[in-house]
Amino acid sequence: MGSSDAIIEIESVSKRYGAIDALRDVSLQIPPGVTGLLGPNGSGKSTLIKALLGLLHVQSGQGRVLDYDWPRDARMIRDHVGYLPEDDCYVAGMAGIESVALMARLSGLSGREGLRRSHEMMDYCGFGEERYRDVESYSTGMRQKLKFSQALVHDPSLLILDEPTTGLDPDQRIAMLRRIRNLATEHGKSVILSTHILPDVRSVCDHVVILVDGTVRVVDTLDNLSRPIEPTILVSIVGDATLFAEQLTRAGYTVNPDPETNGLRVEGIQAHQADQLWRLAAETNTSIRRLEPALNSLDQIFMDVASGKSMAKSDITPNAISRGAGHANS
Ligand SMILES: Nc1ncnc2c1ncn2[C@@H]1O[C@H](COP(=O)(O)OP(=O)(O)OP(=O)(O)O)[C@@H](O)[C@H]1O
């Protein structure tokens, strides 16, 4: 296996449940930072996470997680990874603070240090006096924050979060995403975020991995994935969009409506050529309200990949960060 600064580097991982191939010869490198792990239901995300943590046995595969041999050193890996599972995991009858402190003890911290860290993490997650309440009385949002505190309590360098924003109200969701980003930028943590909520990926992730049917279909930076094939500018206007679009087409540009913003996507134009747009707008008595480089929609990328449509050439660049990038490794 080649040397790199990847936090996870695995090769030829296969996992079968009876007749079901949940992971098919997966090879993957994940760099430091925040990585979104995406895929349709049943694509193998949870299986991959559990395999990386040594929580299930794989039929084949080897590699490294952080500085540890995988799967041989699974116990050491678990000591250095914080895991937020999708399902609730608490012992009934315990208060929130006790649940976090228990996780600290299980991770090897002393009672005193574990309790100190537990309070610190619950403070970080916005818990007040409710930390002393029985976890069974917690709302979904509080349970997510509890799991987050538990995942963080032993100060792991890598966090694996399985659907951490599910069930959160909009304010709580924003707060959770801020915490995730903050852990990466201010505390040097790496994060793997498994989610179906694509705007969450857009707002916090540096990299994206897309699994489909147990194979890795995409590994790339969000920036690369978001960059359109042709330089494209998104224009929001005040006035008659039809007239303006016709003028742009006559001038040789490809113009498409942008459903997300109700603006126009003008293809084949670089940002520094935008003065042409102002001129054409003036000719059609249209006012430009906003101009910005257009990005590929993550929803579209995801749908294309999930439906087996091959990605456009420039969607996967030569800088793709994994040898698995851009092709199914089935
Ligand atoms: N314990 C199990 N026994 C048998 N089959 C399983 C088991 N766990 C998962 N599978 C199957 O393995 C495949 C991958 O499942 P997995 O839960 O890893 O997908 P996922 O991408 O996490 O799905 P979701 O987004 O719905 O959580 C699916 O076909 C699933 O039905």
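Residues numbered from 1 in each chain as written. Predicted model: local features only at pLDDT ≥ 70, side-chain atom pairs only at ≥ 80, totals over all residues.

Identification of the chain as Putative ABC transporter ATP-binding protein YxlF from Novipirellula herctigrandis is taken from an unreviewed UniProt entry. Reading the Sequence similarities (unreviewed entry) entry of the UniProt record for the chain gives the comment "Belongs to the ABC transporter superfamily." (UniProt positions renumbered as here; feature names shortened; annotations may be inferred.)

Draft legend 1. Molecular detail of the site of the ligand. Contacts to the ligand come from Y17, I20, A22, G39, N41, G42, S43, G44, K45, S46 and T47. Going through the elements one at a time, β2 (20–30) and α1 (45–52) are the ones with two or more residues in the shell around the ligand. Top element by residues in the shell around the ligand is α1. It accounts for 3 residues. Classifying every residue of the shell around the ligand by side-chain character gives 3 nonpolar, 7 polar and 1 charged. (Near = placed C-beta within 6 Å. Helix = DSSP H or I, 4+ residues; strand = E, 2+ residues; numbered from the N terminus. Nonpolar A, V, L, I, M, F, W, Y, C, P; charged D, E, K, R; others polar.)

Draft legend 2. Inspection of the domain arrangement of the chain at higher detail. Taken as a whole, the chain is organised into domain 1 (8–215) and domain 2 (228–293). Placing the centre of domain 1 and that of domain 2 at their C-alpha centroids yields a distance of 43 Å. (Domains from an automatic or database assignment.)

Draft legend 3. Spatial organisation of the environment of T185. By secondary structure assignment, the location of T185 is in helix α6 (residues 170–187). Assessed through the 12 C-beta atoms surrounding it within 10 Å, T185 is described here as exposed. Taking the C-alpha atoms as reference points, T185 and S297, 112 residues apart in sequence, are found 25 Å from one another. (Buried ≥ 20, exposed ≤ 12 C-beta atoms within 10 Å, placed from the backbone.)

Draft legend 4. Examining unusual backbone geometry more closely. Here the residue pair W70 and P71 is connected by a cis peptide bond, since its omega of 0° sits within 30 degrees of zero. In this model, E163 sits at a positive phi of 55°, which is unusual for a non-glycine residue. Among the structural elements, E163 can be located in the loop between β7 (158–162) and α6.

Draft legend 5. Examining the nonpolar core more closely. V100, L193, V208, V209 and I210 are the most contacted members of the largest nonpolar core, which totals 66 residues. Excluding anything up to four places from it in sequence, I210 contacts L38, G39, R217, V218, F302 and V305. Counting 13 residues, the second-largest nonpolar core is a separate cluster that includes V235, F244, L264 and A294. (Core = buried A, V, L, I, M, F, W, Y, C linked by C-beta atoms within 7 Å. Contact = placed C-beta atoms within 7 Å.)

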